[in-house]
Amino acid sequence: MTDQRRVLIVGYDGAQILDIACPSGALDIANRYGAAPPYSIELGTLGRRAVHTSSGIALGAQRELGTVTGRLDTLIVVGGVGCEDAAADELLLEQVRRLAGRSRRVAAVCTGAYVLAAAGLLKNRRVTTHWGWGSRLAERHPTVAVDVAPLCIRDGNIYTSAGVTSALDLTLSLLEDDHGPTLARAVARELVTHLHRPADQAQISVFLAGPPPQDRLVRDLTGYINGHLTEDLSPAALAARAGISTRHLTRLFTACLGTTPARTVRAARTEAAAHLVRSSALPMAAIARRCGFTSSETLRQALSSRYGVTGDRMRKMPDMPPARPVPGRHTP
């Protein structure tokens, strides 16, 4: 139907059931809260076979992938222990490529990134995945810029998320893109979760070295910053997003983080770039673009200031050099 946002979730044997349940459940709640146009949500598989999830529960599929025609709003590929077998299934990859071409946007939950990468859809993209699988993904696909620091990353029309329940964070971001923060917050309250949850402790982030900020607005904004490094993150843009003045934004960040919004953004971009330097073979200019820097020179200056070494030197070191404190940031 043209008056609905068509969402197709791609499943396979060994999928994680939460990777399917989190997006479908959140979108269903959004419909009940008045999403307009509403979402139509279907689970698709090869041959319309049931998905035998890793928990042992089987889920029936509504669609056979090969018969899906027309435009899709969102294609979501789930993760799970079966991701490597799925990534080696040429029939599945062929359908994922075909359906991605029909979709306004494409998303991978957790290790669903393995499938998108095998389908050739993540080349020269900055993506995230479950922290325990990131290094293998980077080794297998050196042209993919894997960064396991943030929970969610958007690169163009490609969205990726970290492990399992971060599917909620991804879906809430999609909802906010489609309908604005009011509906996304309503769905988050119904789910009893944060709108922008800080990254998992196992996924490295300078802002999670201590307890997360107590102020909800600062917590939401730092989560947004980590997942949207290439977007406009100026103090004015962040203040407009939060619905407050730039002066009030600066006061909140100074009180909660001990540093300014601009320094917070620079630290997040620099840390993400450092992890890409260590985990990928991408040239510095590409890393600069993926992390929101205006040029490779500004990236070089940022790395030198934060880590005391250039990117080329960092790439050759056996271990990540220690980071210097963010200027003005206090220890919580």
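To be clear, the structure that these remarks concern was listed above.
Residues numbered from 1 in each chain as written. Predicted model: local features only at pLDDT ≥ 70, side-chain atom pairs only at ≥ 80, totals over all residues. Heavy atoms only, no water.

## Considerations on the pattern of salt bridges
Applicable threshold: Any carboxyl oxygen of Asp or Glu that lies within 4 Å of a side-chain nitrogen of Lys or Arg is treated as forming a salt bridge with it. Helical segments are the DSSP runs of H or I of at least four residues, strand segments are the runs of E of at least two, and each set is numbered from the N terminus. Note on exposure labels: buried denotes an accessible area under 20% of the residue type's maximum, exposed denotes more than 50%, and partly exposed covers the range between, all computed with a 1.4 Å probe on protein chains only.
Taken as a whole and assessed by the stated rule, the structure comprises 17 salt bridges. The salt bridge involving D155 is made with R125; its shortest N-O contact spans 3.8 Å. A residue pair is termed long-range when its members are at least 10 positions apart, and D155 in strand β10 (residues 152-155) and R125 in the loop between α4 (112-118) and β8 (126-127) qualify at 30 residues. The buried category is assigned to D155, whose relative accessible area is 11%. Three or more residues are tied together by salt bridges with common partners; here these are R5, D73, R104, R105 and D178.

## Some words on the pairing of β10
Quick note on the threshold: Only when DSSP finds a minimum of two bridges between them are two strands counted as paired.
In this structure, β10 lies alongside strand β11 (residues 158-161), joined through four bridges in antiparallel fashion. By the bridge assignment, R154 is partnered in β11 with Y159. Count of turn residues in the β10/β11 antiparallel hairpin: two residues, of which G156 carries a positive phi of about 65°.

## Let's talk about the environment of L99
Note the cut-off: Working rule for contacts: check all heavy atoms of both residues, and any pair within 4.5 Å makes them a contact.
Looking at the secondary structure, you find L99 in helix α3 (residues 90-101). Separated by 34 residues in the primary sequence, L99 and L65 have C-alpha atoms spaced 8.3 Å apart. Excluding its chain neighbours within four sequence positions, the residues that come into contact with L99 are L8, L65, V68, L72 and L75.

## What to know about helix α1 (residues 17-32)
Short version of the rule: Helix span, expected: 1.5 Å multiplied by one less than the number of residues in the helix. Contacts described as polar in this section are N or O atom pairs within 3.5 Å, which, within protein, must combine one atom able to donate a hydrogen with one able to accept it, while residues neighboring in sequence count only if both atoms come from side chains.
With 16 residues, α1 extends 22 Å between its outermost C-alpha atoms, agreeing within 8% with the 22 Å of an ideal straight helix rising 1.5 Å per residue. The N-cap of α1, judged by a side-chain oxygen 3.1 Å from the amide nitrogen of L18 a few residues on, is Q16. Positive backbone phi, approximately 100°, marks G34, located one or two places after α1.

## Some details on the nonpolar core
Generally speaking, a soluble globular protein has its nonpolar side chains buried in company with each other. Put simply, the rule reads: We define the nonpolar core as a collection of buried residues of types Ala, Val, Leu, Ile, Met, Phe, Trp, Tyr and Cys that are connected through side-chain atoms lying within 4.5 Å of one another.
In this structure, Y12, L75, L92, V96, L122, L175 and V187 are the most contacted members of the largest nonpolar core, which totals 65 residues. Beyond its immediate sequence surroundings of up to four residues, L75 is in contact with L8, V10, V96, L99, A100, S103, R105, V106 and A107. In terms of nonpolar packing, the next biggest core, distinct from the first, is built from 33 residues, L233, L252, A268 and Y307 among them.

## Focus on the packing of α1 against helix α6 (residues 166-179)
Basically, it comes down to this: Axes, fitted as lines to C-alpha atoms, cover a helix only where it is in contact. Angles between the N-to-C directions of the axes lie from 0 to 180 degrees. Here a crossing is taken to be left-handed if its near helix is turned anticlockwise relative to the far helix by less than a right angle, and right-handed if that turn runs clockwise.
One can describe the packing of α1 onto α6 by two numbers: an axis separation of 8 Å at closest approach and a directional angle of 35°. Here the hand of the crossing between α1 and α6 comes out right-handed. Contacts from C22, P23, A26, L27 and A30 in α1 reach A167, L168, T171 and L175 in α6.

## Let's talk about the sheet that holds strand β2 (residues 39-45)
Pairing in this open sheet of seven strands is mixed, and the strands run β5-β2-β1-β6-β7-β11-β10 from one edge to the other. Looking at which strands have only one partner, the edges of the open sheet turn out to be β5 (63-64) and β10. With five bridges connecting them, strand β6 (residues 72-77) and strand β7 (residues 103-108) associate as parallel partners. The residue of β7 that forms the bridge with V77 is A108. Those strands touched by α3 are β1 (5-10), β6 and β7, and its axis lies near 150° from that of β6. The strands that α6 touches are β1, β2, β6, β7, β10 and β11; relative to β11, the one it contacts most, it runs at about 150°.

## With respect to unusual backbone geometry
Omega for the peptide link from A36 to P37 comes to 0°, which places this bond in the cis form. For P37, the location among the structural elements is in the loop between α1 and β2. You will see that C110, though not glycine, has its phi angle at about 55°, which is positive. Here C110 shows up in the loop between β7 and α4. Overall, the relative accessible area of 6% leaves C110 in the buried class. Phi is positive for N124, close to 60°, though the residue is something other than glycine.

## Description of the packing of aromatic side chains
As a reminder, the rule being used: The rule is short: rings of Phe, Tyr and Trp, with Trp giving its six-membered ring, pair when the centres are within 6.5 Å, and they are stacked under 30 degrees, edge-to-face over 60, tilted in between. We call a charge positioned over a ring when the NZ of a Lys or the CZ of an Arg lies within 6 Å of the ring centre and within 35 degrees of the ring normal.
Enumeration over the complete set of coordinates arrives at one aromatic pair. Summarising the aromatic geometry, the rings of Y114 and W133 are spaced 5.4 Å apart at their centres and angled 90° between planes, so their arrangement reads as edge-to-face. Pair noted here: Y114 is in helix α4 and W133 is in the loop between β8 and α5 (134-140), with a separation of 19 residues, a long-range link. Judged by relative accessible area, Y114 falls into the buried class, the value being 1%. Taking the relative accessible area as the measure of exposure, W133 reaches 18% and is therefore buried. Across from the ring centre of Y159, 6.0 Å away, lies the NZ or CZ of R105, which sits over that ring. In this structure, R136 packs its charged tip against the face of W133, placed 4.2 Å from the ring centre.

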